Amino acid sequence: SVIAALARDRRAGARALGARLERVREAELRERERLREIASWEERLRRSGAGRVAGVDEVGMGPLAGPVVAAAVVLTSGLPPRGLDDSKRLSVARREQLDAEIRRVARAIGIGWATPDEVDRLNVYQAGLLAMRRAVETLPEEPDCLVVDGRTIPGVEVEQECVVGGDRRVAAVAAASVVAKVYRDAWMRDLDRRYPGYGFGRNMGYGTREHLRALDERGPSPAHRMSYAPVRAAGPIRGRA
């Protein structure tokens, strides 16, 4: 009614304000509809009897250094936090805000990881599965069903649904991608303090120009994945006791 009244107002400024408010209202309606859509997968599973639905996702498959980190998140029913999306589509500040909100409203959160040595020994795909299994195993209560982004997790005796693009389509998987990414980024900032010079706090272990130049100059650190070609080409690890 306020927007309608402003639209009828003779003053141009009032009409402009009404137009801005209408755009805000429409954006809010679109966001609520999107949140209802990404929450619908879990609601369907809950209606079928799965009271605790955990979304599972991993991050850190591509970097040259650092762990693969996975999260398992059980959200409560209802609309998920506003702005929830695949972590790759969010700014650093927005991810950290959402991580705090997810941790405030989630029913349960589990974190798992695979070390660089495990990535080298198992290969990164298997290390990602290991990290996800560990994340599920650290949940404080066993879930009734898992929704996993793009794969199924071996060695987990819980019903699973594989959803390609789940970090955009399923609220709990999107939440898991955010939690895992924020957790891993904090880990990489710690590695930056332990092994300075590679820019881990900025590149998060990815093969940026700065990172590749540091590899050539310094050689690999103990945090690097020696099975990755650019790291292997830089020679043996330096600084290992």
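None of the values given here were measured: they were computed from a predicted structure.

Undergrad: Would you explain the pattern of salt bridges in this entry?
TA: For side chains of opposite charge, pairing can occur when their charged atoms come near one another. Under the counting rule described, the total for this entry stands at 19 salt bridges. We note a salt bridge from Lys-88 to Asp-86, for which the minimum N-O separation is 3.2 Å. Asp-86 gets classed as buried once you look at its relative accessible area, which sits at 3%. A salt bridge links Asp-185 to Arg-95; its shortest N-O distance comes to 3.7 Å. Residue Asp-185 is located in helix α7 (residues 171-194), and its partner Arg-95 is located in helix α3 (residues 92-105); the two are separated by 90 residues in the primary sequence. Residue Asp-185 shares its accessibility class with Arg-95, and that shared class is buried.

Undergrad: Looking at this structure, I do not really get the layout of surface pockets. What am I missing?
TA: Unoccupied space between atoms shows up once a probe the size of one water molecule is rolled over them. Approximately 230 Å³ is the volume attributed to the largest pocket. What lines the largest pocket is a set of 16 residues, among which Val-59, Gly-60, Ser-87, Lys-88 and Tyr-206 lie closest to the centre. When residues of the lining of the largest pocket are traced back to their parent elements, those giving at least two are β1 (53-59) and α7. One number sums up the size of the second largest pocket: a volume of about 160 Å³. Along its surface, the second largest pocket is lined by Gly-66, Pro-67, Thr-115, Pro-116, Asp-117, Trp-187, Leu-191, Arg-194, Tyr-195, Pro-222 and Ala-223. Those elements that provide at least two residues to the lining of the second largest pocket are α4 (116-122) and α7. The dominant element in the lining of the second largest pocket, judged by the number of residues it contributes, is α7, at 3 residues. Taken together, the residues of the lining of the second largest pocket break down into 7 nonpolar, 2 polar and 2 charged.

Criteria and thresholds
Residues numbered from 1 in each chain as written. Predicted model: local features only at pLDDT ≥ 70, side-chain atom pairs only at ≥ 80, totals over all residues. Heavy atoms only, no water. Salt bridge = Lys/Arg side-chain N within 4 Å of Asp/Glu carboxyl O. Buried < 20%, exposed > 50% of the residue type's maximum accessible area, 1.4 Å probe, protein only. Helix = DSSP H or I, 4+ residues; strand = E, 2+ residues; numbered from the N terminus. 1 Å grid on protein atoms, 1.4 Å probe; cavity = no way out; pocket = protein on both sides within 12 Å on 5 of 7 lines; lining within 4 Å. Points joined across faces, edges and corners; volume = space filled by probe spheres on them. Nonpolar A, V, L, I, M, F, W, Y, C, P; charged D, E, K, R; others polar.

So far we have only geometry, and geometry alone does not tell us how the molecule works.
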